[in-house]
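Spelled out, the chains give:
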Amino acid sequence: MVQERSLPSLSIPQTAITREQGLMLYEDMVLGRTFEDKCAEMYYRGRMFGFVHLYNGQEAVSTGVIKAMRPDDYVCSTYRDHVHALSAGIPAREVMAELFGKATGCSKGRGGSMHLFSAKHNFLGGFAFVAEGIPVATGAAFQTLYRRQVMGDAKADQVTACFFGDGASNNGQFFECLNMAALWKLPILFVVENNKWAIGMAHERASSETEIYKKAKVFGMVGEEVDGMDVLAVRTVAEAAIARARAGEGPTLIEALTYRFRGHSLADPDELRSKEEKEFWLKRDPIKKLGAYLVEQELATGEDLRAIEQKVQAIVEDAVTFAEQSPEPKPEELYDYIFADE
Ligand SMILES: Cc1ncc(C[n+]2csc(CCOP(=O)(O)OP(=O)(O)O)c2C)c(N)n1
Ligand SMILES: [Mg+2]
């Protein structure tokens, strides 16, 4: 029998969702999964280079948090960034083209898988170093507060969501930034995606306190533990945290218990995690869970869900065609986009 941390059941009532919201959440998760299954195929066919880290299994965290935010809010990711970028509204075409290193990619082909970026979508990146996004996201939240409090811009009420892993939560930047964010009541959500592993390092072998959300308490910050395989639970916790942040009540640390269904990256043979552990988590597939819920609650039919899956399949196929047909960046433009334009 595998010893697993028990998944928290939600202590606050789940927000009732409409059919429209339910289908929107389903579509976003299916887009993330289908897009990345296609990434794996393209990677093994030699169309993508470098490291490619997939998010399969963790979709409920991205969808649950980002789809509860406004389009003008900020999102900051890690090297496991494709699905966050899609949830934040970057078109699948631009994400796929970036993975192919094409000039039409969201980072103009300069970034690749780990460096997705879009100023238009307030998507701050894509960072290769573990925990590197935490101070960037804290800075984004600080500038919102500064514009509002010091520069008197009443419209500056954006919230920042900062995603990172269990491994990143042992990095010094985590502690420094949580301290500052709590001290200045910054409008930010620190979302730890605890998928139990940092490459081949098991979380319990690397952390003196394995329940990461408890670390919020020493900063006087709200800490929440949530079932990261349940998009409605994540959404409910995120909505409360976003409301607190927007109201000037400061940050929240959310620990989402989740699992990646594939290896650390597409170059990882994934031999360290046990078959029992993988089976335990595969049974909690967040997409199947939401699909079953929507049908059970009579918010959608099986045909509605199949129609979404087909629509998404077409979006992903179109993204690949777009990426394949797009031009490479021009060599003479090699030094462009290094410094901010005037
Ligand atoms: C500062 C730094 N140290 C080490 C690495 C190598 N590295 C890449 S991913 C990773 C594991 C991070 O695990 P976690 O934060 O749990 O995120 P996950 O990959 O599980 O999403 C490590 C150690 C790195 N990229 N940056
Ligand atoms: Mg991890």
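The protein has the name Pyruvate dehydrogenase E1 component subunit alpha in an unreviewed UniProt entry, where Thermosynechococcus vestitus is given as its organism. The record in UniProt for the protein states the following under Function (unreviewed entry): "The pyruvate dehydrogenase complex catalyzes the overall conversion of pyruvate to acetyl-CoA and CO(2)." The record in UniProt for the protein states the following under Catalytic activity (unreviewed entry): "N(6)-[(R)-lipoyl]-L-lysyl-[protein] + pyruvate + H(+) = N(6)-[(R)-S(8)-acetyldihydrolipoyl]-L-lysyl-[protein] + CO2".

S.K.: How should the overall build of the protein be read in this particular structure?
M.R.: From N to C terminus, the protein includes eleven helices and seven strands. Relative to the globule expectation of 20 Å for 342 residues, the C-alpha radius of gyration of the protein, 19 Å, shows essentially globular dimensions. Put simply, the protein has 342 residues, and 47% of those count as buried. Nonlocal contacts in the protein, meaning residues at least 24 apart in sequence, comprise 74% of its contacts between residues at least 6 apart.

S.K.: Sorry, what's going on with the packing of helix H5 (residues 133–149) against helix H6 (residues 172–183) here?
M.R.: A pair of packed helices can be characterised by two numbers: the angle between their axes and the separation between those axes. Following both chains from N to C, one finds H5 and H6 inclined at 15°, their axes separated by 9 Å at the closest point. With respect to each other, H5 and H6 are oriented roughly parallel. The crossing of H5 and H6 is left-handed. On H6, the residues touching Ile134, Pro135, Thr138 and Ala141 of H5 are Gln173, Phe174, Cys177, Met180 and Ala181.

S.K.: Sorry if this is basic, but what is going on with the site of ligand 1 here?
M.R.: Around ligand 1, 15 residues are found, and the nearest of them are Val130, Gly165, Gly167, Ala168 and Ala198. Of all elements in the fold, only strand E2 (160–165) and strand E4 (197–198) reach the threshold of two or more residues within the shell around ligand 1. Classifying every residue of the shell around ligand 1 gives eight nonpolar, four polar and three charged.

S.K.: When you look at the UniProt feature "domain: Dehydrogenase E1 component" (unreviewed entry) in the protein in this model, what are you seeing that I'm missing?
M.R.: Residues given the UniProt feature "domain: Dehydrogenase E1 component" (unreviewed entry) here are residues 28–332. This span, residues 28–332, is 43% helix and 10% strand, and a straight line between its end C-alpha atoms measures 38 Å.

S.K.: How should I be thinking about the nonpolar core in this particular structure?
M.R.: Side chains of a nonpolar character, in soluble globular proteins, are inclined to be buried together. By size, the foremost hydrophobic cluster in this structure holds 89 residues, and its most contacted members are Cys162, Leu189, Val191 and Ile254. Here this core gets nine residues from one element, more than from any other, and that element is helix H8 (residues 231–246). When sequence neighbours within four positions are dropped, the list of residues in contact with leucine 189 reads Val65, Val159, Ala161, Cys162, Ala238, Ala241, Ile242, Ala245, Pro251, Thr252 and Ile254.

S.K.: Just checking my understanding: could you explain the sheet that holds strand E7 (residues 252–257) for this structure?
M.R.: Where strands meet in a sheet, backbone hydrogen bonds hold them as pairs that are either parallel or antiparallel. Strand order in the open sheet made by the five strands is E1-E2-E3-E7-E6, with parallel pairing throughout. At either end of the open sheet lies a strand with only one pairing partner, and these are strand E1 (74–76) and strand E6 (222–227). Averaged over all neighbouring strand pairs, the angle between strand axes comes to 20°, with direction disregarded. With six bridges connecting them, strand E3 (residues 188–194) and E7 associate as parallel partners.

S.K.: I would appreciate a short explanation of the environment of glycine 152 in the present structure.
M.R.: Mapping glycine 152 onto the fold places it in the loop between H5 and E2. When the C-alpha positions of glycine 152 and valine 316 are compared, they lie 43 Å apart, and in sequence the two are 164 residues distant.

S.K.: What exactly am I supposed to notice about helix H2 (residues 59–66) here?
M.R.: Of all eight residues in H2, eight are buried, a share of seventy percent or more. Of the residues making up H2, those classed as buried are Glu59, Ala60, Val61, Ser62, Thr63, Gly64, Val65 and Ile66.

What counts and how
- Residues numbered from 1 in each chain as written.
- Chains lettered and ligands numbered in written order.
- Predicted model: local features only at pLDDT ≥ 70, side-chain atom pairs only at ≥ 80, totals over all residues.
- UniProt positions renumbered as here; feature names shortened; annotations may be inferred.
- Helix = DSSP H or I, 4+ residues; strand = E, 2+ residues; numbered from the N terminus.
- Rg over C-alpha atoms; globule rule 2.2 N^0.38 Å.
- Buried ≥ 20, exposed ≤ 12 C-beta atoms within 10 Å, placed from the backbone.
- Contact = placed C-beta atoms within 7 Å.
- Axes fitted to C-alpha atoms, helices over the stretch in contact; angles between N-to-C directions.
- Parallel < 35°, antiparallel > 145°, perpendicular 65-115°, else oblique.
- Left-handed = near helix turned anticlockwise from the far one by under 90°.
- Near = placed C-beta within 6 Å.
- Nonpolar A, V, L, I, M, F, W, Y, C, P; charged D, E, K, R; others polar.
- Core = buried A, V, L, I, M, F, W, Y, C linked by C-beta atoms within 7 Å.
- Pairing = 2+ DSSP bridges.

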